[in-house]
Amino acid sequence: MIVLDRLTLAPGLVLLVVDDGDGLPRPVPWLVDGDRRATSGEGAATALVALLGGGSRALGPFRVTTWHHETVAGERSFGVDQTNESVVVGEKAVVKWLRAAEPGPHPAPSVLDALQRHRFDGMPTPWGLLEWSAPGDAAPRLLATVDSLLSGAVDGWTWTVGDLRSAVLDESYDGVRETGRRLGDLVGRMHAALAEDGVSAATADDLAAWEAGADRDLEQALAATTGDTHDLLARRAVALRAETRAPAHALGTPLIRVHGDLHVGQVLRRGTGADATYVVTDFDGNPVVPTAERLLPQPPALDVAGLAQSIKHAALVLRRHEPHHDLATVTAAAEAAEDAFLTSYAVTVATAGHPRLVQPALVRAFRLRQVCREFSYAAAHLPRWFYVPEAALPALLPLPEEKP
Ligand code: ADP
Ligand code: MG
Ligand code: MG
């Protein structure tokens, strides 16, 4: 482990930026006396929140950005599935230490800044950031983010599955329609806020890049799979390629900054029904795309497809764990939620003055790409997730002999 830099957080606590030999710097909270990594509970996250109290400033190669600050103490770890390490401080703030300090610019600082400038309130209040520049870096690297804790919040994979189960058991889709409406309002307001910073028009190069991206997603999925799973994909390769070509009329379609990694797991909910609060989290963008590319304007349909398709995936999760539910009913409940989501999204962006953000003709291609990525994700990180794309792909793209 080579120590590239160090920032004093508090007496006895430093933040090291280290290189473990792979050339990718990592932030590591460090206990000076113990000469070891500080674990959550030992004060490093609390000290970072305290550092925000001094306001936005440079500390050598480190840079603190403060948007909001409160004095808080006492920390605990989250204990949920996560890519990065998040720590709750004083039951008020969440410090997320990034797993790696990838070359900047990272999408989160600018997207959080834009959303705050345009008064988007559907996210945890951002408190601040810590960035660091290596010698020769053109842009700072993100090390940590701090935002407000939504206490009592439930993860989207949990509440979506729960809503679908209730819809099936109660034989009523009113609840999932309400959820879909709230999601459409949330994503629509987020996109309308991001569109305030400028809307560009897709060029022929952009269209070619989407097609190349779709081909790459398919190639990666094919390369990552074997046996029946691979066959399932391979038999649809021609159709997948055809259905992910950009329509000629997409030339000039609006592009904006997007979330980039939107699925129900990124939406936290507190409460139920009409009184529920929904917030979007995790503005790190698509983790499989290099950081700087994640800042490029994209069709808003990318986020819309990501969220809509994840509702379908939640329906598959429900059926997997509770196979006694009737497949057609579970699917119909997911479709009721999706329809309400798409309708409310369209109404929200139109009301905000951005009707052209609605791009129904682009959603399907991004859904198909999303499913291809789920194969690669399952192969790389979570083999027990394979059943989701294995069921989602034939549902979206049945072969002629499978059509009813
Ligand atoms: P990662 O990039 O590691 O996926 P996220 O930002 O998505 O990190 O956070 C991981 C999980 O931590 C979320 O799914 C959620 O359960 C919880 N979480 C994150 N931020 C908050 C918050 N502000 N309030 C409550 N829970 C949060
Ligand atoms: Mg993330
Ligand atoms: Mg996340």
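Residues numbered from 1 in each chain as written. Chains lettered and ligands numbered in written order. Predicted model: local features only at pLDDT ≥ 70, side-chain atom pairs only at ≥ 80, totals over all residues. Heavy atoms only, no water.

If you look the protein up in an unreviewed UniProt entry, it shows as Glucosamine kinase from Nocardioides lianchengensis. Quoted verbatim from the Subunit (unreviewed entry) heading of the UniProt record, the comment on the protein is "Monomer." What UniProt states about the protein under its Sequence similarities (unreviewed entry) heading is, verbatim, "Belongs to the actinobacterial glucosamine kinase family." (UniProt positions renumbered as here; feature names shortened; annotations may be inferred.)

Caption draft 1: Highlighting the environment of Ala-336. Take Ala-336: it is sitting in helix H9 (residues 327-351). Look at Ala-336 and you get buried, because its relative accessible area is 8%. With sequence-adjacent residues up to four places away left out, Ala-336 is seen in contact with Tyr-173, Val-176 and Arg-177. (Helix = DSSP H or I, 4+ residues; strand = E, 2+ residues; numbered from the N terminus. Buried < 20%, exposed > 50% of the residue type's maximum accessible area, 1.4 Å probe, protein only. Contact = heavy atoms within 4.5 Å.)

Caption draft 2: Focus on the UniProt feature "binding site: D-glucosamine" (unreviewed entry) in the protein. Residues given the UniProt feature "binding site: D-glucosamine" (unreviewed entry) here are Asp-261 and Glu-374. Over a stretch of 114 residues, the named residues converge on one spot in the fold, their C-alpha atoms separated by at most 12.3 Å. In this fold, Asp-261 is placed in the loop between strand S13 (254-255) and strand S14 (267-270). When residues no more than four places from it in sequence are discounted, the contact partners of Asp-261 are Gln-266, Asp-282, Gly-285, Asn-286, Pro-287 and Asp-303. Within the fold, Glu-374 resides in helix H10 (residues 360-380). A relative accessible area of 11% places Glu-374 in the buried class. The residues touching Glu-374, leaving out its near neighbours within four places in the chain, are His-313, Trp-385 and Pro-389. Here the side chain of Glu-374 touches Gln-370 through a polar contact of 2.8 Å, side chain to side chain. (Polar contact = N/O pair within 3.5 Å; in protein donor to acceptor, adjacent residues only side chain to side chain.)

Caption draft 3: Region of interest: the pairing of strand S10 (residues 126-132). Judged by how many residues are buried, S10 sits mostly within the fold: 7 of 7 residues are covered. Strand direction decides the pairing type here: strand S6 (residues 62-66) and S10, joined by 5 bridges, are antiparallel. Bridging from a neighbouring strand, Phe-62 pairs with Trp-132 of S10. In the sheet, S10 pairs with strand S11 (residues 141-148) via 6 bridges, with the strands oriented antiparallel. (Pairing = 2+ DSSP bridges.)

Caption draft 4: Here's a closer look at the pairing of strand S1 (residues 2-10). Two elements, S1 and strand S2 (residues 13-19), share 7 bridges in a ladder whose sense is antiparallel. Looking across to S2, one finds that Ala-10 is bridged to Leu-13.

Caption draft 5: Structural view of unusual backbone geometry. A cis amide bond, omega -5°, links Gly-104 with the succeeding residue Pro-105. Structurally, the position occupied by Pro-105 is in the loop between strand S9 (93-97) and helix H2 (107-117). Positive phi is not limited to glycine here, since Arg-119 has a value of about 60°. The residue Arg-119 is located in the loop between H2 and S10 in this model.

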